[in-house]
Amino acid sequence: MNAEPTRIAVAGERPYDVVVGHDAVAELTGLLGPRTRQVAVVSTETVRAPADRVVEVLAGAGLRPCRIEVPDAEDGKDVSVAAACWTRMGELGFTRSDCVVGVGGGAVTDLAGFVASVWLRGVPVVHVPTTLLGMVDAAVGGKTGINTPAGKNLVGTFHPPAGVLCDLGTLAALPAVEYVAGLAEVVKAGFIADPAILDLVEDDPAGAAGPGGPHVRELVERAVRVKADVVATDLRESGPREALNYGHTLAHAIERVERYRWRHGHAVSVGMVFAAELGRLAGTVDDAVAKRHAGILAAVGLPTGYRADAWPALLDAMRVDKKARGATLRFVVLDGLGATTRLEDPDPRLLEAAYAVVAR
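Residues numbered from 1 in each chain as written. Predicted model: local features only at pLDDT ≥ 70, side-chain atom pairs only at ≥ 80, totals over all residues. Heavy atoms only, no water.

1. Brief notes about the overall build of the protein
For the protein, the helix and strand inventory stands at 13 helices and eleven strands. Taking 360 residues into account, the globule formula puts the C-alpha radius of gyration at 21 Å, and the protein, at 20 Å, falls close to it. Going through the 360 residues of the protein one by one, you find that 56% of them count as buried. In the protein, the proportion of contacts linking residues at least 24 apart, taken out of those at least 6 apart, comes to 74%. Surface accessibility of the protein: about 14300 Å² in total, with carbon and sulfur atoms responsible for 52%. Averaging the locations of the 37 positively and 44 negatively charged side chains of the protein gives two centres separated by 5 Å. (Helix = DSSP H or I, 4+ residues; strand = E, 2+ residues; numbered from the N terminus. Rg over C-alpha atoms; globule rule 2.2 N^0.38 Å. Buried < 20%, exposed > 50% of the residue type's maximum accessible area, 1.4 Å probe, protein only. Contact = heavy atoms within 4.5 Å. Areas by Shrake-Rupley, 256 points an atom, 1.4 Å probe, with all protein chains shown as cover. Lys, Arg positive; Asp, Glu negative; His and termini not counted. Charge placed at Lys NZ, Arg CZ, Asp CG, Glu CD.)

2. Brief notes about unusual backbone geometry
For Asp 23, which is not a glycine, the phi torsion comes out positive at approximately 55 degrees. You can call Asp 23 partly exposed: its relative accessible area is 33%. Phi angles above zero are rare outside glycine, and Arg 259 is one such case at about 55 degrees. As for its position among the elements, Arg 259 is in the loop between helix H9 (248–257) and helix H10 (264–282).

3. Structural notes on the sheet that holds strand E9 (residues 163–167)
Within the open sheet, the seven strands sit side by side as E1-E2-E9-E6-E5-E3-E4. Their pairing is mixed. Of all the strands in the sheet, the pair left with one neighbour each is strand E1 (6–10) and strand E4 (64–69). Neighbour-to-neighbour, the strand axes of the sheet open up by a mean angle of 20 degrees, direction not taken into account. Across six bridges, the pairing between strand E3 (residues 38–43) and E4 is parallel. For Val 39, the partnering residue across the bridge sits in E4 and is Pro 65. Packing against the sheet, helix H1 (residues 48–60) makes contact with E3, E4, strand E5 (99–104) and strand E6 (125–129), and its axis sits at approximately 160 degrees to E4. (Pairing = 2+ DSSP bridges. Axes fitted to C-alpha atoms, helices over the stretch in contact; angles between N-to-C directions.)

4. Quick word on the environment of Arg 360
Mapping Arg 360 onto the fold places it in the segment after helix H13 (348–355). It is 5.1 Å that separates the C-alpha atoms of Arg 360 and Ala 308, two residues lying 52 residues apart in sequence. Not counting residues within four places of it along the chain, the set of residues in contact with Arg 360 comprises Thr 304, Gly 305, Tyr 306, Arg 307 and Ala 308.

5. Considerations on the packing of helix H5 (residues 176–192) against H10
For the pair H5 and H10, interaxial distance at closest approach is 7 Å and the crossing angle is 40 degrees. Here H10 runs oblique to H5, going by the angle between their axes. As H5 runs across H10, the sense of the crossing is left-handed. Facing Val 177, Ala 181, Ala 184, Glu 185, Val 187 and Lys 188 of H5, the residues of H10 in contact are His 264, Gly 265, His 266, Val 268, Ser 269 and Met 272. (Parallel < 35°, antiparallel > 145°, perpendicular 65-115°, else oblique. Left-handed = near helix turned anticlockwise from the far one by under 90°.)

6. Remarks on the packing of H9 against helix H12 (residues 311–319)
Closest axis-to-axis distance for the H9/H12 pair is 8 Å, and the angle between their directions is 115 degrees. Taken together, the axes of H9 and H12 lie roughly perpendicular to each other. Between H9 and H12 lies a crossing of right-handed hand. When H9 is examined against H12, the residues Thr 249, Leu 250, Ala 253, Ile 254, Arg 256 and Val 257 are found in contact with a partner set consisting of Ala 313, Leu 314, Ala 317 and Met 318. For the contact of H9 with H12, a count of residues per class yields eight nonpolar, one polar and one charged. (Nonpolar A, V, L, I, M, F, W, Y, C, P; charged D, E, K, R; others polar.)

7. Re the pattern of salt bridges
Following the criterion strictly, the structure yields 25 salt bridges and no others. The salt bridge partner of Asp 137 is Lys 227, with a shortest N-O separation of 3.0 Å. In this pair, Asp 137 is assigned in helix H4 (residues 132–138) and Lys 227 in helix H8 (residues 216–233), connecting sequence segments 90 residues apart. Using a relative accessible area of 11% as the deciding quantity, one classes Asp 137 as buried. Residue Asp 309 pairs with Arg 307 through a salt bridge whose shortest N-O separation is 2.8 Å. (Salt bridge = Lys/Arg side-chain N within 4 Å of Asp/Glu carboxyl O.)

8. Topic: the side chain of Glu 74
Here Glu 74 lies in the loop between E4 and helix H2 (79–91). For Glu 74, the side chain forms a polar contact with the side chain of Asn 147, separated by 2.6 Å. Not counting residues up to four positions away in its chain, the partners in contact with Glu 74 are Ala 107, Asn 147, Lys 152 and Tyr 260. (Polar contact = N/O pair within 3.5 Å; in protein donor to acceptor, adjacent residues only side chain to side chain.)

9. Notes on the nonpolar core
The tendency in soluble globular proteins is for nonpolar side chains to be buried side by side. Counting residues in each nonpolar core, the largest one holds 78 residues, and the members touching the most others are Val 18, Tyr 246, Phe 274, Leu 314 and Tyr 355. Apart from the residues within four sequence positions on either side, Phe 274 is in contact with Leu 250, Trp 311, Phe 331, Leu 351, Ala 354, Tyr 355 and Val 358. By size, the runner-up hydrophobic cluster in this structure holds 21 residues, among which are Val 70, Val 81, Val 100 and Val 108. (Core = buried A, V, L, I, M, F, W, Y, C linked by side-chain atoms within 4.5 Å.)

10. Brief notes about H1
In a regular helix each residue adds 1.5 Å, so 13 residues correspond to 18 Å; H1 covers 18 Å between its end C-alpha atoms and thus fits that length. Looking at H1, one finds that the buried residues are Pro 50, Ala 51, Val 54, Val 57 and Leu 58. For H1, the angular spread of buried residues about the axis comes to 120 degrees, placing them on one side. When the buried face of H1 is taken as reference, the exposed residues oriented beyond 90 degrees from it are Ala 49 and Gly 60. Those residues of H1 that are buried lie in contact with E3, E4, E5 and E6. At the exit of H1 stands Gly 62, carrying a positive phi of roughly 85 degrees. (Expected span 1.5 Å × (residues − 1). Arc of directions from axis to C-beta.)

As structure tokens, then:
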């Protein structure tokens, strides 16, 4: 096992590093400013041990950590929860030089980033993702957000973190279903930019499906590098960053129809199978690459289908997704393996035909 952490630079207006390794939290105090005195540690009850480690590191450096416990998963991404965080920070007299640390899955880092981005018009945030999904996707890139009844992440900001600390040791504590759900974003990175990821997963699907597999660290690092390269050139999703939304238009619609009871990775998995078929029907990708999606995703235990009768509700939900522009639906599709393009306002019959592949 490589004891040295890997540092993956995320370039841009406010560059930072993603640190991947074991006990990466030991790097935390080096990411904080010299005037930092207080740190709000936003976490859930389910990640008490990693949050305790964060508190230990901060206290050992003479800082004052303040625990703010929030509801788990999507229940925490609510404006009332954000307001409760701001109330606590106000009570403690948080200044612009103080910091927020988000410890947990993607929902927690989304919330913590949003809270930090608007407190005093922006204070530093460090993310300590404890899930595979958080490490390779949610915590990297500077997008923050909370949910509303109208949809997921419709309220948010762009607020790059001061750093991201990915402690691979925390993955061992994940339920198997949570770990596998995170693999959807890893596989997505393979299809849109780094096909070597797909080869690693196909060579050993069972190993890829658990945190003890031989290629876990390489898969995490490769997926992080894909995202880092994209967001470095397009923080605000005005162009190249749209590639990261591969599979997400349908995925967000599924999550909304399910009232967020479906895991994000499961929805993305179905969304990618749909997007692959949409690209095949539109002539941007060949049959073999489209078929490869379902094979890889199913091999690691991810779902590849959804309810046939849900199509009308899903179509309505996609029209209010943040990736739509006015009445125009936009989809990211593959332009061959490892590249993407945008499909705007496709024929409704094309959409229905693509959905037939995932309809159950």
